[in-house]
There are 2 protein chains.
Amino acid sequence: MKNQRIINIFKTYLAHTGKKITWEREEILTLLLEKQGHFKVEDIVKITESSKNRISRATVYRTFNMLESAGIISHFYDHNHEKSYEINHEHHDHLICAKCGKIIDFTNEDQEKIQKQICSQYHFFPIFHSLHIYGICQNCLTKD
Amino acid sequence: MKNQRIINIFKTYLAHTGKKITWEREEILTLLLEKQGHFKVEDIVKITESSKNRISRATVYRTFNMLESAGIISHFYDHNHEKSYEINHEHHDHLICAKCGKIIDFTNEDQEKIQKQICSQYHFFPIFHSLHIYGICQNCLTKD
DNA sequence: TTAAGTGCAAACCTTTTGCTGCCCC
DNA sequence: GGGGCAGCAAAAGGTTTGCACTTAA
C-alpha cells in the first residue's frame, strides 16, 4: 500500500541521517497519511491529546520539520494566513476562496508544461512549485 | 509619473475609509516606490531609523497592512520563510533559489491564460494569484 | 551502553494592541 | 475642536530551544 511506501521513505531518511525511529515519529506520519488533505500542527497535537498516546507540541513541530526536510510534506498558507501542510505525493495547486476559505485542489498538465519551459528559459532547476489562486468560489459568488 | 499615480490611489483609499494622510504614511509608500523590488518591514524600519525622520515599527506594520488592504502591495515568503512584500503593479511570478535565495521575477502570458481557463473550469472568480517555483539557479548549479 | 529523543517550560521572533499625548482635517 | 494618529511597551501567537530524564539501537 502506498502509505507503507511513504513510511519506509521516512524510515530510510531517519536511518540515513543518524536519527531514530520512535513511535512518536511513526504515529505522526501515520496520522497525516490517514487524515489526507491539509493539516496544521495543532490538528495533530489535538488528535493525540484526546488519545491515550499524547505527543507533545514540541515533538510534533520537530517531526513536521523533519518530514519537510525529508521531502515528504510541504507547507503553504491558507486564506487566514495560517500555516498548513500537505503530503507531497498529493501535490496539486490550489484555488483558495477568500470568503469561506474553501480550498479546491487541482492539477493541470499544460500548467506544469509551461512551468518547465519557463525554468529552462531561465536555466533554473526546479525542485518544487506552489501555485495559489485566491478568489471567490462559485458557492460564495451565488450567495450574494 | 507612475509613482505619483500610486500615491494618489493610496490617498484616495485613505480618504474613502475615513483615514488620515500623515507624513509617515506618505513617507513609507514613497520609500517603497523608490526601493522597488522586494522589501520587508524591517528594511523600512531600518531606513527610517538612520534618517532624521524615524518611524516606529508599529506604524510601519500598520501602514503595510493598510497598503495591502488597499491592494497596493502584496506579500509572499522568501527562501528563508521570511515575509517579503512587493508593489502590485510590478506583480510577476517568482523563481526562488533555495541555495542563494536569489529571486528571479518573470511573467508569462500562456501561464496566465491557462490560469484563467482553470478558473472558469471550476467556476472560480480569481482575484490574485501567486506562483513560486523553488529550485536552484544557474549560478549555484555551476558552482558545485 | 550511549547517542539521540521526549516533554516541559522558558525563550524567541514577529506582529498586534491598549493607552497617552499629539496632529491632521 | 475632536476624531483618528504615532510611539511606546506590553501582550499575543506561533515556533524553537535548553535541560533532565527516557529510550531506541
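This section reports on the structure supplied with the text. (Residues numbered from 1 in each chain as written. Chains lettered and ligands numbered in written order. Predicted model: local features only at pLDDT ≥ 70, side-chain atom pairs only at ≥ 80, totals over all residues. Heavy atoms only, no water.)

### Considering the protein's contact with DNA strand C
- The immediate surroundings of DNA strand C are formed by 20 residues, with A:Lys20, A:Arg54, A:Ser56, A:Thr59 and B:Tyr61 found nearest.
- Within 4 Å of the protein, atoms of DNA strand C come from sugar and phosphate in 73% of cases.
- Here a phosphate oxygen of DNA strand C sits 2.9 Å away from a polar atom, N or O, in the side chain of A:Thr22.
- A:Thr59 is positioned with one of its side-chain polar atoms (N or O) 2.6 Å from a phosphate oxygen of DNA strand C.
- Of all the secondary structure elements, the ones that give two or more residues to the surface near DNA strand C are helix H2 (23-35) and helix H4 (57-69) of chain A together with helix H4 (57-69) of chain B.
- Among the elements that take part in the surface near DNA strand C, H4(B) stands out by supplying five residues, more than any other.
- Of the residues contributing to the surface near DNA strand C, the split by class is five nonpolar, five polar and ten charged. (Near = heavy atom within 4 Å. Polar contact = N/O pair within 3.5 Å; in protein donor to acceptor, adjacent residues only side chain to side chain. Helix = DSSP H or I, 4+ residues; strand = E, 2+ residues; numbered from the N terminus. Nonpolar A, V, L, I, M, F, W, Y, C, P; charged D, E, K, R; others polar.)

### Let's talk about the relation of the copies chain B and chain A
- With an axial shift of 0.0 Å and an RMSD of 0.2 Å, the rotation relating chain B to chain A amounts to 179°. Here the copies are linked by what is in effect a two-fold axis. The rotation axis passes nearest to the C-alpha of B:Leu131 in chain B, at a distance of 2.1 Å.
- Interface overlap between copies is the fraction of interface residues in one copy that are interface residues in the other; for chain B against chain A it reaches 100%, indicating a shared surface. (Least-squares fit on C-alpha atoms with pLDDT ≥ 70 in both. Contact = heavy atoms within 4.5 Å.)

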